[in-house]
Amino acid sequence: MCTPLHDRPPRARRALVLALLAIVTGCASAPGAKPTPAAEHVPVLFVHGTDDTPGAFFAMVDAFEQAGWPKEHLYAVRLHPNNGQLPIEVMAYQVRRAAEGLRKRTGAERVDVVAFSQGALSTRYWMQELGGQPRVRRFVSVSGPHHGTRAAYLRVDPALVQMRPDSTFLRELNRRENPFGDTEVFSFWSPLDSTVIPADSSRLPGVTERTFFVPAHQLMLSAPAVISATVEVLAQAPRQ
């Protein structure tokens, strides 16, 4: 016979309530669970955006290490120049070189990619136009201006011109119906983004989407909810 909750000792009541909350909110986990073995972690390449550096991913990389990824499986590429003075296609070749280097160092067949802002476009060009798609298991786009941003009209740098809405570059990049093949793609974006204008330009049709009410573009890389979600999706078991 089941003992009513109010008749249980205080400590037992608290433990039961916490367990039920964990189940209801989808946050259940084994107490004191250890990180999964390093062999189960796919290497992750981090790709920054315009005017950024690899340091933009400091908090996120740290979270992956805490979750059990070995340092040698985490690499934030430094794109040069980082100010938009060269076209996105040039950045894409640098992404390809970084991804191939990470694969070679780790012996991995495929890598995961987390790309922010313009970095998402550089990553897509590598995947779609330079043959990189088969090398990518999962791709997380964080605030990527996939359909352009009106903020790009403020500058005349080649990469910024390419990020203007309805640019020739974006029309070509978005022309395919299924550009990602078997790569699992996630689009993380904020409706409050004031750099990607309109904010929903970060959405990608046909991919898994998550919305975060983060008040600024750059804060997407340090927001705990975004970091947790990124670690979560890359830690998931392979699809059957």
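Asker: Got a minute to help me understand the pattern of salt bridges in this structure?
Answerer: If the charged atoms of two oppositely charged side chains come close together, the side chains can form a pair. Per the stated rule, a full pass over the model turns up 13 salt bridges. The residue D182 makes a salt bridge to R110 at a minimum N-O spacing of 3.0 Å. With D182 in the loop between helix 6 (168-173) and strand 5 (184-189) and R110 in the loop between helix 3 (88-106) and strand 3 (111-116), this residue pair connects regions lying 72 residues apart in the sequence.

Asker: Help me understand the sheet that holds strand 5, please; the structure alone is not making it clear to me.
Answerer: Whenever strands of a sheet pair, they do so through backbone hydrogen bonds, lying parallel or antiparallel. Read across the open sheet, the six strands follow the order 2-1-3-4-5-6; overall the sheet is parallel. Lying at the two open borders of the sheet, with one neighbouring strand each, are strand 2 (74-77) and strand 6 (208-211). The sheet shows a mean angle of 15° between the axes of neighbouring strands, taken without regard to direction. Pairing of strand 1 (residues 44-47) with strand 2 involves four bridges; the strand directions are parallel. In the sheet register, F46 faces strand 2, and the bridge partner there is A76. Helix-sheet contacts for helix 7 (residues 224-235) involve strand 1, strand 3, strand 4 (136-142), strand 5 and strand 6, and the interaxial angle to strand 4 is about 165°.

Asker: When you look at the nonpolar core in this model, what are you seeing that I'm missing?
Answerer: Here is a general trend for soluble globular proteins: nonpolar side chains tend to be buried in one another's company. Counting residues in hydrophobic clusters, the biggest one holds 33 residues, and the most contacted among them are L45, V47, V113, W126 and F139. When residues of this core are traced back to their parent elements, those giving at least two are strand 1, helix 3, strand 3, helix 4 (118-129), strand 4, helix 5 (158-162) and helix 6. At seven residues, helix 3 tops the list of elements feeding residues into this core. With sequence-adjacent residues up to four places away left out, L45 is seen in contact with Y75, V77, V95, A98, A99, L102, D112, V113 and V114. In this structure, F64, F186, M220 and L234 belong to the second largest nonpolar core, which totals 25 residues.

Asker: What is the right way to read the side chain of D157 from this model?
Answerer: Mapping D157 onto the fold places it in the loop between strand 4 and helix 5. Separated by 2.9 Å, the side chains of D157 and R155 make a polar contact. Once residues within four sequence positions are removed from consideration, D157 is found in contact with N83, G84 and Q85.

Asker: Just checking my understanding: could you explain the packing of aromatic side chains for this structure?
Answerer: Describing an aromatic ring pair means giving the distance of the ring centres and the angle of the ring planes. Under the definition given, this model contains six aromatic pairs. Considering the side-chain rings of F64 and W69, the 4.8 Å spacing of their centres and the 80° angle between planes classify their relative orientation as edge-to-face. The exposure class assigned to F64 is buried, which follows from its relative accessible area of 0%. Note on W69: relative accessible area 3%, which makes it buried. Plain terms: the ring middles of F188 and F212 are 5.3 Å apart, the flat faces sit at 65° to each other, and that makes the pair edge-to-face.

Asker: Would you mind going over the environment of G181 with me for this structure?
Answerer: With respect to the helices, strands and loops of the structure, G181 is situated in the loop between helix 6 and strand 5. Note on G181: relative accessible area 42%, which makes it partly exposed. With 48 residues separating them along the chain, G181 and Q133 place their C-alpha atoms 7.1 Å apart.

Asker: Hey, could you run me through the pairing of strand 4 in this one?
Answerer: Among the seven residues of strand 4, seven are classified as buried, and the element is accordingly described as predominantly covered. In the sheet, strand 3 pairs with strand 4 via six bridges, with the strands oriented parallel. Paired with V114 across the strands is V140, a residue of strand 4. Sheet topology note: the strand 4/strand 5 ladder contains five bridges and is parallel. When the bridges of strand 5 are listed, V142 appears paired with F188.

Asker: When you look at the packing of helix 2 (residues 58-66) against helix 7 in this model, what are you seeing that I'm missing?
Answerer: Geometry of a packed helix pair, given as the angle between the helix axes and the separation of the axes. Remark: helix 2 packs on helix 7, axes separated minimally by 10 Å, with the N-to-C direction vectors making an angle of 45°. Considering the angle they form, helix 2 stands oblique to helix 7. Classified by chirality, the crossing of helix 7 by helix 2 is right-handed. Residue-level inspection shows A59, M60, A63 and F64 of helix 2 in contact with helix 7, the latter providing I227, T230, V231 and L234. Taken together, the residues of the contact of helix 2 with helix 7 sort by class into seven nonpolar, one polar and no charged.

Parameters at a glance
Residues numbered from 1 in each chain as written. Predicted model: local features only at pLDDT ≥ 70, side-chain atom pairs only at ≥ 80, totals over all residues. Heavy atoms only, no water. Salt bridge = Lys/Arg side-chain N within 4 Å of Asp/Glu carboxyl O. Helix = DSSP H or I, 4+ residues; strand = E, 2+ residues; numbered from the N terminus. Pairing = 2+ DSSP bridges. Axes fitted to C-alpha atoms, helices over the stretch in contact; angles between N-to-C directions. Contact = heavy atoms within 4.5 Å. Core = buried A, V, L, I, M, F, W, Y, C linked by side-chain atoms within 4.5 Å. Buried < 20%, exposed > 50% of the residue type's maximum accessible area, 1.4 Å probe, protein only. Polar contact = N/O pair within 3.5 Å; in protein donor to acceptor, adjacent residues only side chain to side chain. Phe/Tyr/Trp six-rings, centres within 6.5 Å; stacked < 30°, edge-to-face > 60°. Parallel < 35°, antiparallel > 145°, perpendicular 65-115°, else oblique. Left-handed = near helix turned anticlockwise from the far one by under 90°. Nonpolar A, V, L, I, M, F, W, Y, C, P; charged D, E, K, R; others polar.

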